[in-house]
Amino acid sequence: MREIKCSDTLSISNHRVFSPDLNEHGTVFGGKTLMTIDDNSSISASRIARIETVTASIDQVNFILPFKLQDSMCTESYVSGVGRSSIEVFTKIIGEHLKTGRRFLGLTCFSTFVVTDEDIFLPRIAPDNAEAEYVCSGYHERQGERFKKLLAQEGFNKNISLQFPWQSKKDAE
């Protein structure tokens, strides 16, 4: 089976924080950060699959330190695990105070993408630095946890009403 190095899936983007990026607390709005994660990580998923992929979930987002006005945000994503038709992507965002040069870990995240063609065989991923080795080593445990959550979510979804909130049960029939 073919193998691809984590570094071959690396996607990097940089963004300077401006006032339109900020929420009422003076930090980058979380929704903007989630969009950045999805944009950047989708490139990593595509680099290993080389076909269309779709975001299945953003499994774990850890907001560690906030990004503020005049900071830069360096978003780095790479594939950290591959299943039969799923791709796990690890993303970190490193902040830098542009006036002082101090760098900080602002966020880590795992996302899952799936390929749209079920006949595709995804290559294996090979960590090629110490960080990737550590991150990839937890893939199977995270994959097992995601599967458990997926089963629980399916049961949860069966109990969610699809009625309009203003509609009575009798009106829906």
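The rules we used
Residues numbered from 1 in each chain as written. Predicted model: local features only at pLDDT ≥ 70, side-chain atom pairs only at ≥ 80, totals over all residues. Heavy atoms only, no water. UniProt positions renumbered as here; feature names shortened; annotations may be inferred. Helix = DSSP H or I, 4+ residues; strand = E, 2+ residues; numbered from the N terminus. Buried < 20%, exposed > 50% of the residue type's maximum accessible area, 1.4 Å probe, protein only. Contact = heavy atoms within 4.5 Å. Areas by Shrake-Rupley, 256 points an atom, 1.4 Å probe, with all protein chains shown as cover. Lys, Arg positive; Asp, Glu negative; His and termini not counted. Charge placed at Lys NZ, Arg CZ, Asp CG, Glu CD. Phe/Tyr/Trp six-rings, centres within 6.5 Å; stacked < 30°, edge-to-face > 60°. Lys NZ or Arg CZ within 6 Å of the ring centre and 35° of its normal. Expected span 1.5 Å × (residues − 1). Arc of directions from axis to C-beta. Polar contact = N/O pair within 3.5 Å; in protein donor to acceptor, adjacent residues only side chain to side chain.

- The protein is annotated in an unreviewed UniProt entry as Acyl-CoA hydrolase of Companilactobacillus kimchii.
- What UniProt states about the protein under its Sequence similarities (unreviewed entry) heading is, verbatim, "Belongs to the acyl coenzyme A hydrolase family."

1. With respect to the overall build of the protein
Point 1. Helices and strands together make up the secondary structure of the protein, namely 4 helices and 7 strands.
Point 2. Secondary structure of the protein in N-to-C order comes out as β-β-α-β-β-β-β-β-α-α-α.
Point 3. With the C-alpha coordinates aligned to their principal axes, the bounding extent of the protein is approximately 65 × 50 × 25 Å.
Point 4. With 173 residues in all, the protein has 37% of them scored as buried.
Point 5. Contacts spanning at least 24 positions in sequence make up 75% of the contacts within the protein whose residues lie at least 6 apart.
Point 6. Total accessible area on the protein stands at roughly 10,700 Å², and carbon and sulfur atoms take up 55% of it.
Point 7. Counting 20 positive and 23 negative side-chain charges, the protein places the centres of these two groups 3 Å from one another.

2. Looking at the packing of aromatic side chains
Point 1. Here the structure, examined in full by the defined rule, presents 4 aromatic pairs.
Point 2. It is Arg84 that lies over the ring of Phe121; its NZ or CZ is 5.3 Å from the centre.

3. Considering helix α3 (residues 139-157)
Point 1. Under the 1.5 Å per step criterion, the end-to-end length of α3 is 26 Å for 19 residues, consistent within 8% with the ideal 27 Å.
Point 2. For α3, the set of buried residues is Tyr139, Arg142 and Arg146. Projected down its long axis, α3 carries its buried residues within an arc of 60°, all on one side. Opposite the buried face of α3, by more than 90 degrees, sit the exposed residues His140, Glu141, Phe147, Lys148 and Ala152.
Point 3. Considering only its buried residues, α3 is in contact with β3 (53-63), β4 (71-82), β5 (86-97), β6 (103-115) and α2 (130-137).

4. Looking at the side chain of Asn40
Point 1. With respect to the secondary-structure elements, Asn40 resides in helix α1 (residues 30-49).
Point 2. Residue Asn40 is classed as buried on the basis of its relative accessible area of 4%.
Point 3. At 2.8 Å, the side chain of Asn40 forms a polar contact with the backbone oxygen of Ser11.
Point 4. Once you skip the residues sitting within four places of it in the chain, Asn40 turns out to touch Ser11, Ile12, Ser13, Thr75, Glu76 and Ser77.

5. As for the side chain of Ser111
Point 1. Position of Ser111 among the secondary structure elements: in strand β6.
Point 2. By relative accessible area, which is 1% here, Ser111 ends up buried.
Point 3. In this structure Ser111 touches Ile37, Ser41, Ser57, Ile58, Asp59, Ile87, Glu88 and Val89, once residues within four positions along its chain are discounted.

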